[in-house]
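A closer look at the structure
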Amino acid sequence: MLEILYRDEHIIAINKPSGLLVHKSFYAGEADTYAIQELKKQIGQKVYPVHRLDRKTSGVLLFTLDKDTLRIMSEQFASREVEKKYLAILRGWAKEEETIDYDLVNENEVKQNAVTNYRRLQTSEIDLPFLKHQTSRYCLVEAIPETGRFHQLRKHFKHILHPILGCRKHGCNKQNKLWLQTFDINKMTLHAHQLIFNHPISNERIIVNATIDEEFKRVGDILKFDLSSYSKPKDFIE
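In this text, all values refer to a predicted model and were calculated from it rather than measured experimentally.

In this section: the overall build of the chain. Secondary structure assignment for the chain yields five helices and twelve strands. In summary, the chain has a C-alpha radius of gyration of 18 Å against a globular reference of 18 Å for 238 residues, a match within 12%. In terms of its C-alpha atoms, the chain occupies a principal-axis envelope of roughly 55 × 35 × 35 Å. Burial statistics for the chain: of 238 residues in total, 50% are counted as buried. Within the chain, contacts between residues separated by at least 24 positions form 62% of all contacts whose residues are at least 6 apart in sequence. For the chain, the computed accessible surface area is about 12400 Å², with 47% contributed by carbon and sulfur atoms. Here the chain holds 36 positive side-chain charges and 32 negative ones, and the gap between their average locations is 7 Å.

Turning next to the packing of aromatic side chains. One pass over the full model with this rule turns up three aromatic pairs. Between Tyr118 and Phe157, the aromatic rings sit 5.5 Å apart at their centres with planes inclined by 65 degrees, giving edge-to-face as the arrangement. Of the two residues, Tyr118 sits in strand β9 (residues 115-126) while Phe157 sits in helix α3 (residues 152-159), which places them 39 residues apart along the sequence. For Tyr118, a relative accessible area of 4% puts it in the buried group.

Here we come to the nonpolar core. Counting residues in each nonpolar core, the largest one holds 31 residues, and the members touching the most others are Leu39, Val47, Phe63, Leu90, Tyr118, Phe157 and Ile164. Taken together, the elements giving at least two residues each to this core come down to β2 (11-16), α1 (35-43), β4 (58-64), β5 (83-91), β10 (136-145), α3 and β11 (190-198). The greatest single-element share of this core, amounting to four residues, is contributed by α1. Apart from residues lying up to four places away in sequence, Tyr118 is in contact with Ala94, Lys95, Glu96, Glu97, Glu98, Ile100, Val141, Glu142, Ala143, Phe157 and Ile160. With 20 residues, the next largest nonpolar core counts Tyr138, Cys172, Val219 and Tyr230 among its residues.

Listing the buried residues of α1 in full gives Ala35, Ile36, Leu39 and Ile43. The buried residues of α1 all sit within an arc of 95 degrees when viewed along its axis, so they share a single face. On the buried face of α1, the contacting elements are β1 (3-7), β2, β3 (48-49) and β4. With its phi angle positive at about 75 degrees, Gly44 sits one or two positions after the end of α1.

Regarding helix α5 (residues 214-222), the residues found buried are Phe216, Val219 and Gly220. End-on view of α5: buried residues confined to an arc of 100 degrees, all on one side of the axis. In α5, the exposed residues that point more than 90 degrees away from the buried face are Glu214 and Asp221. Of the surrounding secondary structure, the elements contacted by the buried residues of α5 are β5, β10, α4 (173-183) and β11. Looking at where α5 begins, the residue whose side-chain oxygen comes 3.3 Å from the main-chain nitrogen of Glu215 is Asp213. The positive-phi residue at the C-terminal boundary of α5 is Lys224, with phi of around 60 degrees.

Below, the discussion takes up the pattern of salt bridges. In the structure shown here, the tally under the stated rule is eleven salt bridges. A salt bridge links Glu98 to Lys95, with the shortest nitrogen-to-oxygen separation between them at 3.8 Å. Looking at Glu98, the relative accessible area reads 21%, which means it is partly exposed. With its nearest N and O atoms 2.9 Å apart, the salt bridge here joins Glu214 to Lys217.

What counts and how
Counting from 1, residues in each chain are numbered in the order their sequence is written. Local features are withheld for residues below a pLDDT of 70 in this predicted model, meaning they are given only at 70 or higher, and side-chain atom pairs are given and counted only at 80 or more; totals for whole chains, interfaces and linings count all residues. As a convention, hydrogens and water are excluded, and side-chain values are obtained from all of the structure's heavy atoms. Numbering of helices and strands runs from the N terminus; a helix is a DSSP stretch of H or I covering at least four residues, while a strand is a stretch of E covering at least two. The quantity called the radius of gyration is restricted to C-alpha atoms. Its globule counterpart is 2.2 Å times the number of residues to the power 0.38. Here the term buried applies to any residue with accessible area under 20% of the maximum for its type, exposed to any over 50%, and partly exposed to those in between, with areas from a 1.4 Å probe on protein chains only. Throughout, a contact is declared for two residues whenever any of their heavy atoms are within 4.5 Å. The Shrake-Rupley method, run with a 1.4 Å probe sphere, supplies the accessible areas, and residue values consider only the shown protein chains as cover. For the purpose of counting charges, residues Lys and Arg are taken to be positive, whereas Asp and Glu are taken to be negative. His and the chain ends are not included. For the purpose of locating charges, the reference atoms are NZ of Lys, CZ of Arg, CG of Asp and CD of Glu. To pair, rings of Phe, Tyr and Trp, with the six-membered ring standing in for Trp, must have centres within 6.5 Å; the planes then decide the type, stacked if under 30 degrees apart, edge-to-face if over 60, and tilted in the middle. The definition of a nonpolar core used throughout is a set of buried Ala, Val, Leu, Ile, Met, Phe, Trp, Tyr and Cys residues joined through side-chain atoms within 4.5 Å. By arc we mean the arc of the directions from the helix axis to the C-beta atoms, nothing more. Contacts described as polar in this section are N or O atom pairs within 3.5 Å, which, within protein, must combine one atom able to donate a hydrogen with one able to accept it, while residues neighboring in sequence count only if both atoms come from side chains. Any carboxyl oxygen of Asp or Glu that lies within 4 Å of a side-chain nitrogen of Lys or Arg is treated as forming a salt bridge with it.

Written as structure tokens, this is what we have:
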């Protein structure tokens, strides 16, 4: 059963598990289950995804229950009126805060402007030898993308040399292998923890929060991060 975070007669939001595809995609490959079909089965009616999350990214995923509402919400996303907040664990200690303004090439080889704001929340240094270093450093960040490009956060953090822990395509595979061998963890630590928008019909301000999963918590425990505020359910705010 998918965890439903918010629902009314127009929209529904779920906490998408890591590993679940939103819908069929040429770039993501095939799967046995998809979020669209699973949610449709669960609530007994058709749903329309407003945006997408990468297969390995967990967190808030928003759908509408009719096409008219889909059009309104799609316009909000296109005009950047929706605020998306992500948690990520990065290799190394990134700056306390930074705006990454770095163009990205999409799946059709078209260059697009891409902007990500982030702030560092916590740092950790553990006794895990890596290459010439006797310890390993990591940080927890909150990232707020202004644009919604394909794999934007993964590519942007790679660009500043602080890749997301567990990311294979745009990460550090030596670090990923080290975590798999040492802790039996291959989780990509990227989670969409909050979505803020105006309700498409009432125009009330809605804040939807999604708690982190057990694997993200496990990584946080190893690094001694305090993730308590991200692991307890919160009510939406109007």
